[in-house]
Amino acid sequence: MLRGLMKPVRYAVLLAGALPVLAFPGLNLEFLAWFGLVPGLLIMRAAPSAREAAVRGWWFGTGFMLAAHYWLAPNLGPALLLVAVVLWVLWIPVAVSTWLLLRPPVSAARALAALVVVPSFWLVIEWIRSWQALGGPWALLGTSQWQHPAVLALAAVGGVWLVSFAIVAANTGIVILLTAGQIAARALGAAATAAMVAAGPVAFALVPASHPTGFVTVALVQPGLVHNPQLRVDASERLSAGLRGHHPDLIVWGESSVAYELSRAPGLLARIRALSAADGAQILADQDSLTPDGGKSKVAVLVGPRGIEATYTKARLVPFGEYIPFRQQLGWLTKISRAAAVNMTPGPGAKVLQVTTRDGQRIPIGVLICFESAFPDMSRVDARRGARLIVYQTSDSTFQQSWAPAQHASLGAVRAAETGRPVVQAALTGDTVAYDAQGRLLASMNTAQRGVLFVRLGLVPATAQTPFDRIGEVVPWTAIGIALVSLLVLFHTWRPHRPVRLLLDVNRRPAPTVSLLGTSREQDSGSKPAEPGEDTASSPQPGR
């Protein structure tokens, strides 16, 4: 173990794992994703054995996970290292498949297999990481392309998964181009890289966008970092007053904008009702609710002039922040970090709310809270249920001065491209953003800004669906199938060969050494060479 820590190549692959994280916000070096995996893949390929390749994959995953989630360190403390230790093992199949398929000599057939198998194993990693208990789908490689609607067109076809597959395949193609000895293999690597880079723009040109059949104006309120619950709700009320002149159809507040349950705070509810009537628009607030069993939930509350119109309870909770997975085994983390003291109560799942606009139209919207913007399946469910707009409420106040708010806001672009719906996010402290139905950024406020963001959004028909809306997560399931077939082929063809001992029952008598030159050790010691016609000890006896 200690000897492994002294190997410089291990630290090189650790840094190589952190490199692709620079493609995400806040640095936003999104072009780096298309070749940022190459150094790590080269180090894995150069391993002297499959075991060493697996170890290097382990270190690569550690570098990636620590760099992508560094902003959790103040809250999780040593638990962040624990999460990385558990999850870095997922990169072992990527490393071993890279070593098996891309070590010399690389034929065209092996290069073609690598272009399919290596990205498939990477997608399996992302799919497993997307399980809520393992942290959720944060820092999926495809989300790094959030600024490019032409690339995100792949998300409309196969979700963020297809974008990730294209990026990893392009990196694999570059490795083949750099290392393969055969011209055919190198040509295949170059062609695959070019095809993956061009795939997004081609999909953007071929997949028609739905034309808007209506418009709404949404006001997104960002009051700033206010720790006092009363001052926080006062700030949201103050910013929402006098908005009638801007003709909003919906006013959205951030997560935990109301620290009280409105049904138990009639005075506050009355003020919000009056505010809605004065502005001529419903207000989507967010409250911290108490459950009948004494638990706590996050609830989005749609308030109109007549009172509470609809609610949605957050279903996907933040691991360690709002609950501790396997609390019976990991509850000790509360003693060394700021992990959740008690588990919050999740809601039943995605839900579409009906918003009444200022001109009386009923607009179905999908409302999701905070961490739920990371999950492709939740916004897809809302779209399939007829939502014409996806609304996220978040806080992110815990992670100011880090990359987390910008990374969180970027997820809305990917969800918009996947579902073909405009997406807005109202953040208590930033970033507040709005995207059109193809993922183009329309307006934003960062963590240093305060105020109200107005945006006019085109709404597609409730029945409009992207290919991803229709087929769902076919891409990751296909990758899982490819990975399983690859493992079966590996176990079938790469078996350890035991030496075979053949026993020939010809002559069991000991045989002296015979020299073809007519000399031997026995001759040197005084023995005579055999006369012509005599049998030597090494000659087979007739009849035996």
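What comes next concerns the included structure. Nothing here was measured: the structure is a model prediction, and the numbers come from that model.

Overview of the overall build of the protein chain
Phase 1: When helices and strands are tallied, the protein chain shows 18 helices and 12 strands.
Phase 2: Here the protein chain holds 544 residues, and 53% of them are scored as buried.
Phase 3: For the protein chain, contacts bridging at least 24 residues in sequence account for 70% of all contacts bridging at least 6.
Phase 4: Carbon and sulfur atoms provide 63% of the accessible area of the protein chain, an area that totals close to 24600 Å².

What about the nonpolar core?
Phase 1: With 128 residues, the main nonpolar core has L284 and I365 as its most contacted residues.
Phase 2: It is helix 9 (residues 149–179) that provides the largest number of residues to this core, a total of 16 residues.
Phase 3: Beyond its immediate stretch of four places on either side in the chain, I365 contacts L250, K351, V352, L353, V355, A387, L389 and V391.
Phase 4: Counting residues in each nonpolar core, the second largest holds 19 residues, with A219, V258, I272 and V303 among its members.

Some words on the pairing of strand 5 (residues 307–313)
Working note: regular strand, side chains alternate between the two faces of the sheet.
Phase 1: Strand direction decides the pairing type here: strand 4 (residues 296–304) and strand 5, joined by six bridges, are antiparallel. In the sheet register, A300 faces strand 5, and the bridge partner there is Y312.
Phase 2: Two successive antiparallel strands, strand 4 and strand 5, enclose a turn made up of two residues.

Section: the pairing of strand 8 (residues 389–394)
Phase 1: Most of strand 8 is tucked away, with six of its six residues classed as buried.
Phase 2: Of the two faces of strand 8, the one holding L389, V391 and Q393 and the one holding I390, Y392 and T394 are both buried throughout.
Phase 3: As paired strands, strand 8 and strand 9 (residues 423–427) are joined by five bridges and run parallel to one another. In the sheet register, T394 faces strand 9, and the bridge partner there is A427.
Phase 4: For the segment spanning strand 8, helix 15 (residues 404–419) and strand 9, crossover handedness is right-handed.

Some words on the pattern of salt bridges
Phase 1: If you walk through the whole model with that rule in mind, you get 11 salt bridges.
Phase 2: A salt bridge links E255 to K314; the nearest nitrogen and oxygen atoms lie 3.8 Å apart. Of this pair, E255 sits in the loop between strand 2 (250–252) and helix 12 (266–279) while K314 sits in the loop between strand 5 and helix 13 (327–330); the two residues are 59 residues apart in sequence, bridging distant segments of the chain. Accessibility classification places E255 together with K314 in one group, the buried group.
Phase 3: Here K314 makes a salt bridge to E322, at a shortest N to O gap of 2.9 Å.
Phase 4: One network of salt bridges, with partners in common, ties together R10, E52 and R56.

Parameters at a glance
- Residues numbered from 1 in each chain as written.
- Predicted model: local features only at pLDDT ≥ 70, side-chain atom pairs only at ≥ 80, totals over all residues.
- Heavy atoms only, no water.
- Helix = DSSP H or I, 4+ residues; strand = E, 2+ residues; numbered from the N terminus.
- Buried < 20%, exposed > 50% of the residue type's maximum accessible area, 1.4 Å probe, protein only.
- Contact = heavy atoms within 4.5 Å.
- Areas by Shrake-Rupley, 256 points an atom, 1.4 Å probe, with all protein chains shown as cover.
- Core = buried A, V, L, I, M, F, W, Y, C linked by side-chain atoms within 4.5 Å.
- Pairing = 2+ DSSP bridges.
- Right-handed = clockwise from strand over helix to strand, strands pointing away.
- Salt bridge = Lys/Arg side-chain N within 4 Å of Asp/Glu carboxyl O.

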